Amino acid sequence: MLWHDGVALGPDAALDRGLEFGDGLFETLAVVDGRPRLLARHLARLAAGCARLGIEAPAGELLGRELEAAARVPGTGLLKLVVTRGTGLSGYAARADQPASRWLAALPPRSRPAAHAEAGITLRVLTTRLAEQPLLAGLKHLNRLEQVLGRRELAGGADEGLMLDVRGRAVCGTMSNVFAVIDQRLVTPSLERAGVAGVMRAALLDAWREAGRAVEVRDLMPEELAAASEIFVSNALIGVWPVAALGARRLAPGPCAREAQAWIAGF
């Protein structure tokens, strides 16, 4: 028997493993003019994540049709897709034939200050650290308590938080990937030990490389960021936000952020 908020759900009800263990992945897609932006990249990341976790991924064509249909629901500004290993109170060890579950929500657009994209945001280094787990690094899995705790640090403070790993390396924002211009070179942190490999990050890296620009993907220390001539953050929903302040240091939105924003308009 299973109860929810004191209500019995019946003898055959079972918890989803996503709720029990965070055993799953999710994608959050921006909807622009009734179409999910960067759809192919989202589907490819989800499929790669399912393969790494051993979850039987739903067919990409099926998911694509469902996402495109959901994007046409009037008033939709974003889609949230969750894929889990399925239901069953079976402990940590799942059945080999466990069928996956998927949840899809069509949601209104999130309100964001227009000034974030134009004038930039404030960024603050957080005390909440990201654990190193190479097996999960880069995946958009459901275990996001580190980010939840990081956002709690920002209550009434900065617009975004910079998260470091347990060794003090810069990894990402609570909801974004980070780019910096250091010694006239564009740099973004390596995500081999922690963090989420954002689809917008991947799209921008490909765009810069196709344009013949050098981009370094490497370990990045906070002191290097503190000396950067330009910093900006990205994700699938916000696009790109320049960083106007890192702690007490003031910066101006720079040409790389503006170039990235122009490219995103065509994605």
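Structure shown above.
Residue numbers here run from 1 along each chain, matching the order of that chain's written sequence. Reporting of local features is limited, given that this is a predicted model, to residues whose pLDDT is at least 70; pairs of side-chain atoms are given and counted only at 80 or more, and all residues count toward the totals for whole chains, interfaces and linings. Where side-chain values are given, they derive from all heavy atoms of the structure, hydrogens and water being excluded.

(A) The pattern of salt bridges, seen in detail. Counted as salt bridges are all cases of a side-chain nitrogen of Lys or Arg within 4 Å of a carboxyl oxygen of Asp or Glu. Throughout the structure, instances matching the rule amount to 16 salt bridges. Between Glu118 and Arg258 there is a salt bridge, and its shortest N-O distance comes to 3.4 Å. Here Arg258 lies in helix 8 (residues 255-264) and Glu118 lies in helix 4 (residues 114-118), a separation of 140 residues in the sequence. According to the relative accessible area criterion, Glu118 is exposed, its value standing at 54%. Exposure classes here rest on a 1.4 Å probe applied to the protein chains alone. A residue is buried below 20% of its type maximum, exposed above 50%, and partly exposed in between. With a relative accessible area of 28%, Arg258 lands in the partly exposed category. If you follow the salt bridges from partner to partner, you end up with Glu132, Asp165, Arg167, Arg169, Arg193 and Asp219 in one network. Only DSSP runs of H or I covering at least 4 residues are called helices, and only runs of E covering at least 2 are called strands; the numbering of each starts at the N terminus.

(B) Spatial organisation of the nonpolar core. Working definition of a nonpolar core: buried Ala, Val, Leu, Ile, Met, Phe, Trp, Tyr and Cys residues. They are joined through side-chain atoms within 4.5 Å. Among the nonpolar cores identified, the biggest contains 19 residues, and Leu162, Leu225, Ile231, Val233 and Val243 are the most heavily contacted of them. Residue assignment for this core shows that the elements contributing at least two residues are strand 7 (121-130), strand 8 (160-165), strand 10 (177-182), strand 13 (230-235) and strand 14 (239-246). If you look at the next biggest cluster of nonpolar residues, it comprises 18 residues, including Leu38, Met200, Val240 and Ala257.

(C) Focus on the pairing of strand 11 (residues 185-189). Where burial is concerned, most of strand 11 is hidden: four out of the five residues are buried. As judged from the three bridges shared by strand 10 and strand 11, these two strands associate in the antiparallel manner. When the bridges of strand 11 are listed, Ala180 appears paired with Val187. Each pair of strands is called paired provided DSSP finds at least two bridges between the two strands. The hairpin turn running from strand 10 into strand 11, its antiparallel successor, is two residues long, and Asp183 in that turn takes a positive phi close to 50 degrees. Note: strand 11 against strand 12 (residues 215-218), four bridges, orientation parallel. Within the sheet, the bridge partner assigned to Pro189 lies in strand 12 and is Arg218. A crossover connection joins strand 11 to the parallel strand 12 through helix 6 (residues 199-210); in handedness this β-α-β unit is right-handed. The crossover handedness rule: strands pointing away from the viewer, path from first strand over the helix to second strand clockwise, crossover right-handed.

(D) Structural view of the side chain of Asp165. Looking at the secondary structure, you find Asp165 in strand 8. The exposure class assigned to Asp165 is buried, which follows from its relative accessible area of 2%.

(E) Examining the packing of helix 2 (residues 39-53) against helix 6 more closely. Between N-to-C directions, angles span 0 to 180 degrees; the directions come from axes that are lines fitted to C-alpha atoms, helices contributing only their stretch in contact. Where helix 2 meets helix 6, the closest approach of the two axes is 10 Å, and the angle between their N-to-C directions is 115 degrees. For the pair helix 2 and helix 6, the sense of crossing is right-handed. Note on element contacts: helix 6 touches helix 2 through Val199, Ala202, Ala203 and Asp206, opposite Arg41, His42 and Arg45. Across the contact of helix 2 with helix 6, the residue classes break down as three nonpolar, one polar and three charged. Note: crossing handedness is left-handed where the near helix turns anticlockwise from the far helix by less than a right angle, and right-handed where it turns clockwise. Any pair of residues with heavy atoms lying within 4.5 Å of one another is described as a contacting pair. The classification used treats Ala, Val, Leu, Ile, Met, Phe, Trp, Tyr, Cys and Pro as nonpolar, Asp, Glu, Lys and Arg as charged, and all other residues, Gly among them, as polar.

(F) Helix 6, seen in detail. Given a helix with a known number of residues, its expected span is that number minus one, times 1.5 Å. With 12 residues, helix 6 should cover 16 Å at 1.5 Å per step; its first-to-last C-alpha distance of 16 Å lies within 8% of that length. Those residues of helix 6 that sit buried are Val199, Met200, Arg201, Ala203, Leu204, Leu205, Ala207 and Trp208. Positioned one or two residues after helix 6, Gly212 has a phi angle of 80 degrees, which is positive.

(G) Geometry of the packing of aromatic side chains. Stacked, edge-to-face and tilted are the three classes for Phe, Tyr and Trp ring pairs, Trp counted by its six-membered ring, which pair at centre distances within 6.5 Å; planes under 30 degrees apart are stacked, over 60 edge-to-face, the rest tilted. One pass over the structure, following the stated rule, counts five aromatic pairs. Geometrically, the ring pair formed by Phe179 and Trp208 is tilted, given 5.6 Å between the ring centres and 50 degrees between the ring planes. Taken together, the residues span a long stretch of sequence, with Phe179 in strand 10 and Trp208 in helix 6 at a distance of 29 residues. You'll find Phe179 and Trp208 in the same group, each marked buried.

(H) Examining the side chain of Thr84 more closely. By secondary structure assignment, the location of Thr84 is in strand 5 (residues 78-84). N or O atoms closer than or at 3.5 Å make up a polar contact, with two conditions inside protein: a donor-capable atom paired with an acceptor-capable one, and, for residues adjacent in sequence, both atoms drawn from side chains. Polar contacts involving the side chain of Thr84 include one to the main-chain amide nitrogen of Gly86, which spans 3.1 Å. Setting aside residues no more than four positions away along its own chain, Thr84 makes contact with Asp16, Gly18, Asp23, Gly24, Ile55, Ala100, Ser101, Trp103 and Leu142.

(I) Inspection of the packing of helix 6 against helix 8 at higher detail. Across the interface, helix 6 lies against helix 8 with an axial gap of 11 Å and an inter-helix angle of 105 degrees. When the axes of helix 6 and helix 8 are compared, the pair comes out roughly perpendicular. Across the interface between the two elements, Met200, Leu204, Ala207 and Trp208 of helix 6 pack against Cys256, Glu259, Ala260, Trp263 and Ile264 of helix 8. Within the contact of helix 6 with helix 8, the residues separate by chemical class into eight nonpolar, no polar and one charged. Angular relationships are summarised with four words: roughly parallel below 35 degrees, roughly antiparallel beyond 145, roughly perpendicular across 65 to 115, and oblique for the angles in between.

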